[in-house]
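A closer look at the structure
Below are the chains, spelled out letter by letter.
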Amino acid sequence: MSGVDEAGLFAGADGVLRCRWCKASKVYQHYHDHEWGFPVTDEQRLFEKLCLEGFQAGLNWLTILNKREAFRRAFADFDAQQLVRFGPKDVERLLADASIVRHRGKIESVIHNAHRMLALREEFGSLTAYVWRFEPDAASRPRRLTDKVLQTLTTSPESIAMSRDLKKRGWSFVGPTTIYSFMQAMGLVNDHVENCHARALALEARARLGCPTRVKRRQTD
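Conventions and cut-offs
- Residues numbered from 1 in each chain as written.
- Predicted model: local features only at pLDDT ≥ 70, side-chain atom pairs only at ≥ 80, totals over all residues.
- Heavy atoms only, no water.
- Helix = DSSP H or I, 4+ residues; strand = E, 2+ residues; numbered from the N terminus.
- Buried < 20%, exposed > 50% of the residue type's maximum accessible area, 1.4 Å probe, protein only.
- Contact = heavy atoms within 4.5 Å.
- Axes fitted to C-alpha atoms, helices over the stretch in contact; angles between N-to-C directions.
- Left-handed = near helix turned anticlockwise from the far one by under 90°.
- Nonpolar A, V, L, I, M, F, W, Y, C, P; charged D, E, K, R; others polar.
- Polar contact = N/O pair within 3.5 Å; in protein donor to acceptor, adjacent residues only side chain to side chain.
- Phe/Tyr/Trp six-rings, centres within 6.5 Å; stacked < 30°, edge-to-face > 60°.
- Lys NZ or Arg CZ within 6 Å of the ring centre and 35° of its normal.
- Core = buried A, V, L, I, M, F, W, Y, C linked by side-chain atoms within 4.5 Å.

Labelled according to an unreviewed UniProt entry, the protein chain appears under the name DNA-3-methyladenine glycosylase I, originating from Variovorax defluvii.

Written as structure tokens, this is what we have:
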């Protein structure tokens, strides 16, 4: 099995090959198998992930994933229309909620970014239409994704461009590394390593999706 390990894979109890990063728990493996890398066009899910990526800063995704349902309860299921009505009392309430990550800056960022999200919706029709403008061209992606290659993929020209553009629009906790992690999770890129069973499934899901919301990307400075 050393060759499998070197390829960035592991074989679970079911014999299925998965990306090594999800080895820690069954919850992580379920997330890997059914969510990570599969294309998402639901606006609320996209906004939720942007918010949770902000909470992840300085932590690891498994910590956030284990608290995801608590985050959803605390933040009105990441419905921006409800979040923009949150005020100082809500911030204090959330700071007292031990079921989530109690970080004032990150909590206030979610509320702040909800206002920014509604502005994007007004301009582009939806956060979905905006986000998928930054989908990389297939030709720019690595021809063969190995564990070694994956370890170098912490940003991309597209994640840098999206981060820069969001910051210009007033968003917070949206650095280029955070945005690339968001792109990996939401299926704008497929970073399952070669021979991971979910890689082909994510590619099939992307093929079925086509380009439902994508508009021609414009250059961003």
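Here the narrative resumes, following the displayed structure.
**Digging into the overall build of the protein chain**
Helix and strand content of the protein chain: 13 helices and two strands. Summarising its shape, the C-alpha atoms of the protein chain cover approximately 55 × 40 × 30 Å along the three principal directions. The buried share among the 221 residues of the protein chain stands at 49%. Once local pairs closer than 6 in sequence are excluded, the contacts in the protein chain between residues at least 24 apart make up 66%.

**Some thoughts on the packing of helix α3 (residues 43-56) against helix α8 (residues 104-124)**
In contact at an axis separation of 10 Å, α3 and α8 are set at 145° when each is read in the N-to-C sense. Crossing angle aside, the handedness with which α3 passes α8 is right-handed. Within the contact between the two elements, α3 uses E43, F47, C51, G54 and F55 and α8 uses K106, I107, V110, N113, A114, M117 and R121. Along the lines of polarity and charge, the residues of the contact of α3 with α8 split into seven nonpolar, two polar and three charged.

**Details of the side chain of S109**
Inspection of the secondary structure assignment puts S109 in helix α8. Judged by relative accessible area, S109 falls into the buried class, the value being 6%. Polar contacts involving the side chain of S109 include one to the side chain of S172, which spans 2.6 Å. Aside from chain neighbours lying at most four places away, what touches S109 is S172 and F173.

**Things to note about the packing of aromatic side chains**
Using the criterion set out here, one finds 10 aromatic pairs in the structure. For the ring pair F71 and F75, a centre distance of 6.4 Å and an interplane angle of 20° mean the geometry is stacked. Just as F71 is buried, F75 falls in that class too. Grouping aromatic residues by their ring pairs yields a cluster made of F55, F71, F75 and F78. The ring of W61 carries the charged tip of K49 above its face, separated from the ring centre by 3.9 Å.

**Regarding the packing of helix α11 (residues 157-168) against helix α12 (residues 176-186)**
Their axes nearest at 8 Å, the elements α11 and α12 cross at an angle of 115°. Crossing of α11 over α12 shows right-handed handedness. Taken together, the residues of α12 that come into contact with α11 (itself represented by E158, S159, I160, M162, S163, L166 and K167) are P176, I179, Y180, F182 and M183. When grouped by side-chain class, the residues that make up the contact of α11 with α12 number eight nonpolar, two polar and two charged.

**Examining the nonpolar core**
One broad trend across soluble globular proteins is that nonpolar side chains are buried collectively. Counting 56 residues, the largest nonpolar core has F47, F71, F75, L127, M162 and W171 as its most contacted members. The contacts of F75, once residues within four sequence positions are left out, are F55, L83, F86, L94, I100, I107 and V110.

**Overview of the environment of F75**
Positionally, F75 belongs in the loop between α5 (68-74) and α6 (80-83). For F75, a relative accessible area of 0% puts it in the buried group. Along the sequence, F75 and D90 sit 15 residues apart, while their C-alpha atoms lie 9.6 Å from each other.

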